[in-house]
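Structural features, examined
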Amino acid sequence: MDMVQFLLLLCLLVGITSTVHGEDPYFYFTWKVTYGTLSPAGVPQQVILINGEFPGPNINSTSNNNLVVNVFNQLDEPLLFTWAGVQQRKNSWQDGVPGTNCPIAPGTNWTYKFQVKDQIGSYFYYPSLGLHRAAGGFGGLRINSRLLIPVPYADPEDDYTVLVGDWYTKSHSALKKLLDSGRALGRPQAVLINGQNAKGDGTDKPLFTMKPGKTYKYRICNVGLKNSINFRVQQHSMLLVELEGSHTVQNSYDSLDVHVGQCFGVLITADKEPKDYYMVASTRFTKTVLTGKGIIRYTNGKGPASPELPEAPVGWAWSLNQYRSFRWNLTASAARPNPQGSYHYGQINITRTVKLINSVSRDNGKLRYALNGVSHVDPETPIKLAEYYGIGEKFFKYDTIPDSPQGLSNAVTLQTNVLNFTHRTFIEIIFENHEKSVQSYNLAGYSFFYVAVEPGTWTPEKRKTYNLLDAVSRHTVQVFPKSWAAIMLTFDNVGVWNLRSEIAENRYLGQQLYISVMTPERSLRDEYNIPENALICGQIKGLPKPAPYA
């Protein structure tokens with residue numbers, strides 16, 4: 001072989017190897033979901049355990065990782081898990097809610113397979129059927145930045161997940177019977193931090209430890225059922241660096257209001273006297289304030305935590321003002337929301353505006369919650385599967401609620417509530433809350449720009465108050481009493497996605513809907529094929545599977 005031939009062969013080999021890319025890493029989890037008896041609020045009760053743990057195990061992943069979670073359902077009821085805030089790109093098959101998946105039957109298993117594509121941040125998972133979340137089964141899910149993408153703060157000494165929330169001492173089945181009988185859940189009995197509440201009698205073990213002088217990241221998520229939570233740490237300030245998958249402008253806070261379903265990432269530096277300190281979580285906007293505590297211990301600490309707890313703020317106006325201080329860090333290197341370029345959201349023309357007004361009423365004496373007068377009922381066959389098999393018209397109609405409701409009465413209609421959004425359109429959604437309680441909504445499959453929240457009712461003139469530059473891209477929105485909130489986003493993620501109240505009884509009693517985003521072409525460019533292991537139920541049993549996407 002002469003030199004010219006050798007060089008040509010070398011170039012060919014370099015070209016071949018440079019175009020071969022290995023798949024992103026896979027991580028495998030096996031979960032055995034069982035009942036157990038614990039006393040998280042001082043009373044023995046039934047809880048849901050994952051591999052014997054309460055709360056469940058943390059999932060620690062990195063952007064673009066593939067996660068494979070094999071769930072063995074050893075409960076006596078059907079089971080599903082949903083991954084709150086994780087954007088299942090082109091893959092609503094894995095979203096784990098009744099409108100997209102058939103449940104995992106008792107005594108069987110099913111494997112979730114999804115990629116945490118182009119995301120970073122703090123999230124959590126939980127069981128989505130019935131009132132299972134009231135018994136546990138939830139855990140933290142973190143997505144770290146890839147090593148090549150710098151984060152806008154120094155690497156912390158360690159990374160801790162803090163799951164806070166209100167807690168009921170009745171079993172999830174007893175709470176479900178309450179709602180089915182037409183009654184409300186009533187007040188919770190406790191507030192827990194990572195499934196515990198410190199007694200304060202000197203016997204408590206620390207939830208976390210810190211070395212003096214070091215800085216730690218705490219990922220704080222409200223996994224409760226009903227109440228907003230104020231979170232704070234004795235004598236320590238919190239530097240907010242991340243909010244539901246977005247780096248934020250780094251402001252310091254003495255306390256944070258964390259509404260149901262929301263997650264915050266903060267940095268705390270161990271720069272105080274070495275001893276124990278309480279982290280404190282207490283209910284907000286309630287007549288009776290419930291408080292939970294957990295201990296942070298300095299590694300060389302000497303002395304117990306002070307019994308004097310830092311006070312929580314009063315009133316929702318304080319919380320509204322705190323929300324207004326949250327801003328997106330536009331200079332940080334990180335995964336950006338899909339589609340790429342949508343972070344210039346203030347320059348995109350709105351193609352459709354949908355106003356959603358929540359209401360509460362009684363249907364035949366039973367409590368029901370609704371959006372635009374419709375209280376959602378799950379059909380026998382999941383919406384996504386019925387749509388995919390071409391029999392959706394047997395179970396639901398699209399867009400049965402008006403985009404701009406007028407003169408809504410107290411009456412509600414019980415039916416399957418599905419909106420159809422055209423692929424790649426830029427939508428404005430207004431949440432209008434006429435009730436006296438704080439609402440909280442989550443949209444699966446997407447992050448959105450939370451551009452405004454204000455007292456009163458919304459009119460088109462209110463667009464002048466929108467933050468069209470650096471609103472945080474996130475997946476959960478709180479709406480204060482007698483107020484409205486506005487979000488904006490591009491619906492580019494094909495599938496069927498759940499928009500739901502994160503307040504458990506509201507969601508269970510109908511305050512949710514599904515959004516269908518389709519394309520005329522059945523193409524792998526836009527959506528993955530139905531999984532080979534997909535569970536089949538309802539009226540698609542026995543039907544031939546549609547041709548796969550090309």
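Just so we're clear, the structure is a prediction, and the values are computed from it rather than from any experiment. Every chain's residues receive numbers from 1 upward, in the order its sequence appears when written. The predicted origin of the model limits local features to residues at a pLDDT of at least 70 and limits the giving and counting of side-chain atom pairs to 80 or more, whereas totals for whole chains, interfaces and linings rest on all residues. As a convention, hydrogens and water are excluded, and side-chain values are obtained from all of the structure's heavy atoms.

For the rest of this paragraph, the subject is the overall build of the protein. Think of it this way: any DSSP run of H or I at least four residues long counts as a helix, any run of E at least two long counts as a strand, and we number them from the N terminus. Secondary structure assignment for the protein yields 5 helices and 33 strands. The globule rule puts the C-alpha radius of gyration for 550 residues at 24 Å, and the 24 Å found for the protein is close to it. The cut-offs for exposure are 20% and 50% of the maximum accessible area for each residue type, with area from a 1.4 Å probe on protein chains only; residues under the lower value are buried, those over the upper are exposed, and the others partly exposed. The buried share of the protein, taken over its 550 residues, is 57%. Only the protein chains shown count as cover for residues, and the accessible areas themselves come from Shrake-Rupley with a 1.4 Å probe. Total accessible area on the protein is roughly 22600 Å²; 53% of this is exposed by carbon and sulfur atoms. Counting 52 positive and 45 negative side-chain charges, the protein places the centres of these two groups 4 Å from one another. The globule rule used for comparison is 2.2 Å times the number of residues to the exponent 0.38, while the radius of gyration itself is calculated over C-alpha atoms. The positive count covers Lys and Arg only, the negative count covers Asp and Glu only, and His and the chain ends enter neither. Charge placement uses NZ in Lys and CZ in Arg. For Asp and Glu, CG and CD serve respectively.

What follows concerns the sheet that holds strand β27 (residues 439-443). The strand order across the open sheet built from 5 strands is β25-β33-β32-β27-β30, with neighbouring strands paired in mixed fashion. Both outer strands of the open sheet, β25 (418-422) and β30 (476-479), are each paired with one neighbouring strand and no more. Going from strand to strand, the sheet's axes swing by 20° on average, the running direction of each strand aside. Sheet topology places β27 next to strand β32 (residues 495-501); 3 bridges connect them, and they run antiparallel. Each bridged residue has a counterpart across the sheet, and for Leu443 the counterpart in β32 is Leu499. In this analysis, strands are considered paired if DSSP registers two or more bridges between them. Comment: axis = line fitted to C-alpha atoms, over the contacting stretch for helices; angle = value between 0 and 180 degrees taken between N-to-C directions.

The subject of this paragraph is the confidence of the model for the protein. A residue's pLDDT is simply how confident the predictor is in it, with values from 0 to 100. Residues of the protein with pLDDT of at least 70 account for 95%, and the chain-wide mean is 93. Contacts are residue-level and defined by heavy atoms, with any inter-residue pair within 4.5 Å sufficient. Low pLDDT (under 50) marks residues 3-21, which in the prediction has 2 contacts with non-local residues, meaning those over four places away or in another chain.

Here we take up the nonpolar core. The tendency in soluble globular proteins is for nonpolar side chains to be buried side by side. For our purposes a nonpolar core is just a set of buried Ala, Val, Leu, Ile, Met, Phe, Trp, Tyr and Cys residues, chained together by side-chain atoms within 4.5 Å. Grouped together as the largest cluster of nonpolar side chains are 76 residues, with contacts concentrated most on Tyr218, Ile429 and Phe491. Looking at this core, the element that brings in the most residues is strand β31 (residues 483-491), giving 7 residues. Apart from the residues lying within four places of it in its own chain, the contact partners of Tyr218 are Tyr160, Val162, Phe208, Met210, Phe264, Gly265, Val266, Ile268, Met279 and Ile296. Ranked by size, the runner-up nonpolar core spans 25 residues in total, among them Leu67, Leu79, Trp83 and Leu129.

Quick look at the sheet that holds strand β5 (residues 81-84) now. In spatial order, the strands read β3-β8-β7-β5; together these 4 strands make up an open sheet with mixed pairing. Sheet topology places β3 (59-62) and β5 at the edges, where each strand pairs with a single neighbour. Pairwise comparison of adjacent strand axes, ignoring direction, gives a mean angle of 25° for this sheet. Both β3 and strand β8 (residues 139-144) contribute to a ladder of 4 bridges, which runs parallel. In the strand pairing of β8, Ile59 is matched with Leu141.

Think of a salt bridge as a Lys or Arg side-chain nitrogen and an Asp or Glu carboxyl oxygen that are within 4 Å of each other. One pass over the full model with this rule turns up 24 salt bridges. One salt bridge connects Lys272 with Asp271, and the closest N-O pair in it is separated by 2.9 Å. Note on Lys272: relative accessible area 31%, which makes it partly exposed. Salt bridges sharing partners connect three or more residues here, namely Arg424, Glu521, Arg525 and Asp526.

This next bit is on helix α2 (residues 172-180). Along α2, the residues that are buried comprise His172, Leu175, Leu178 and Leu179. Viewed along the axis of α2, the buried residues span an arc of 115°, placing them on a single side of the element. Gly182, located one to two residues past α2, shows a positive phi value of around 100°. The arc in question is the one spanned by the directions pointing from the helix axis to the C-beta atoms.

Here a pair means two rings of Phe, Tyr or Trp (six-membered ring of Trp) with centres within 6.5 Å. Their orientation is stacked below 30 degrees between planes, edge-to-face above 60, and tilted elsewhere. Going through the model one piece at a time under the given rule, you end up with 33 aromatic pairs. Between the aromatic rings of Phe421 and Phe491, the centroid separation amounts to 4.6 Å while the plane-to-plane angle is 70°, which identifies the pairing as edge-to-face. A residue pair is termed long-range when its members are at least 10 positions apart, and Phe421 in strand β25 and Phe491 in strand β31 qualify at 70 residues. An identical accessibility class is assigned to Phe421 and Phe491; each is buried. Of the aromatic side chains, those joined through ring pairs into one cluster are Trp31, Phe81, Trp83, Trp110, Tyr112, Phe114 and Tyr125. Geometrically, a charge over a ring is one whose NZ (Lys) or CZ (Arg) sits within 6 Å of the ring centre while staying within 35 degrees of the ring normal. If you follow Arg133 out to its NZ or CZ, it ends over the ring of Tyr126, 4.1 Å from the centre. Sitting over the face of the ring of Tyr278, Lys293 holds its NZ or CZ atom 5.5 Å from the ring centroid.

In this section: the pairing of β32. The buried count for β32 comes to 7 of 7 residues, which makes it a mostly enclosed element. Alternating positions in β32 separate into two faces, Gly495, Trp497, Leu499 and Ser501 on one and Val496, Asn498 and Arg500 on the other, with burial throughout. Bridge count for β32 against strand β33 (residues 512-518) is 6 bridges, and the pairing is antiparallel. Opposite Gly495, over in β33, you have Val517 as the bridge partner.

For Thr291, the location among the structural elements is in strand β20 (residues 291-298). Sequence separation between Thr291 and Tyr278 is 13 residues, and the spatial gap between their C-alpha atoms is 11 Å. Residues in contact with Thr291, not counting those within four places in the same chain, are Val191, Asn197, Val280, Ala281, Ser282 and Leu309.

In the segment running from Phe54 into Pro55, the intervening peptide bond is cis, with an omega of -10°. Tracing the backbone shows Pro55 in the loop between β2 (45-50) and β3. One non-glycine residue, Asn51, lies in positive phi territory at about 55°. Residue placement: Asn51 occurs in the loop between β2 and β3. Although it is not a glycine, Asn194 sits at a positive phi angle of roughly 50°. Here Asn194 lies in the loop between β10 (190-193) and β11 (208-210).

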